[in-house]
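Spelled out from the first residue to the last, the chains are:
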Amino acid sequence: MKKRILILCTGNSCRSQMAEGILKSFAGDIEVYSAGTKPEKEVNPNSIKVMEEIGIDISANLTKSVEMFLGESFDFVVTVCDKARDICPSFTGKVNQRLHLGFVDPADCKGTPEQVLEEYREVRDEILSTFRLLYKSKLAGKLAR
């Protein structure tokens, strides 16, 4: 049986979308979803752009509300921002393990378009490194049992 992972953030337009795309790129043996406590209308274009730079296409992703997943079971619920972590205890459903892996919100970055993109790249790379470690330590070799 595939491990099920839900990644939570506030807007579900940047960090959680990047994390979902990254985890899905590691293997097809996990089910990965992302959602927000207050979802934005669309995935942030800068998130799409920096993910394309590493060969991961999230351009067809949609933002989703955490309410879509209430009552479902997950092996892991991972919050990627402090605001979502504060709200996360209200998440219902069977959750085997809750994790908080906080990242700076690149949507808050100010500056030139290149400076803003550089912030998105830095956050993307931190998410990639952190979720690669999570996958190797808690998921790889432990799936489908």
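Below is a short write-up of the structure. Because the structure is a prediction, the values reported are computed rather than measured.

With respect to the sheet that holds strand 4 (residues 95-100)
Each strand in a sheet pairs with its neighbour through backbone hydrogen bonds, running either in the same direction (parallel) or in the opposite one (antiparallel). Spatial strand order, 2-1-3-4: four strands in an open sheet with parallel pairing. Strands with a single pairing partner mark the edges of an open sheet, and in this sheet they are strand 2 (30-36) and strand 4. For this sheet, the mean angle separating the axes of adjacent strands, direction not counted, is 20 degrees.

A closer look at the pattern of salt bridges
Opposite charge on two side chains permits them to pair, given that their charged atoms come into close proximity. The final tally for this structure, using the stated rule, is nine salt bridges. One salt bridge in this structure joins Glu 53 and Arg 121, with 2.9 Å as the shortest N-O distance. Of this pair, Glu 53 sits in the loop between helix 2 (45-52) and strand 3 (74-79) while Arg 121 sits in helix 4 (residues 113-139), and the two are 68 residues apart along the sequence. The class of Glu 53 is partly exposed, set by a relative accessible area of 39%. Classification of Arg 121 as buried rests on a relative accessible area of 17%. Residue Asp 125 pairs with Arg 124 through a salt bridge whose shortest N-O separation is 2.9 Å. Asp 125 gets classed as partly exposed once you look at its relative accessible area, which sits at 37%. Among the residues examined, Arg 124 registers a relative accessible area of 6% and is labelled buried.

Rules of the game
Residues numbered from 1 in each chain as written. Predicted model: local features only at pLDDT ≥ 70, side-chain atom pairs only at ≥ 80, totals over all residues. Heavy atoms only, no water. Pairing = 2+ DSSP bridges. Helix = DSSP H or I, 4+ residues; strand = E, 2+ residues; numbered from the N terminus. Axes fitted to C-alpha atoms, helices over the stretch in contact; angles between N-to-C directions. Salt bridge = Lys/Arg side-chain N within 4 Å of Asp/Glu carboxyl O. Buried < 20%, exposed > 50% of the residue type's maximum accessible area, 1.4 Å probe, protein only.

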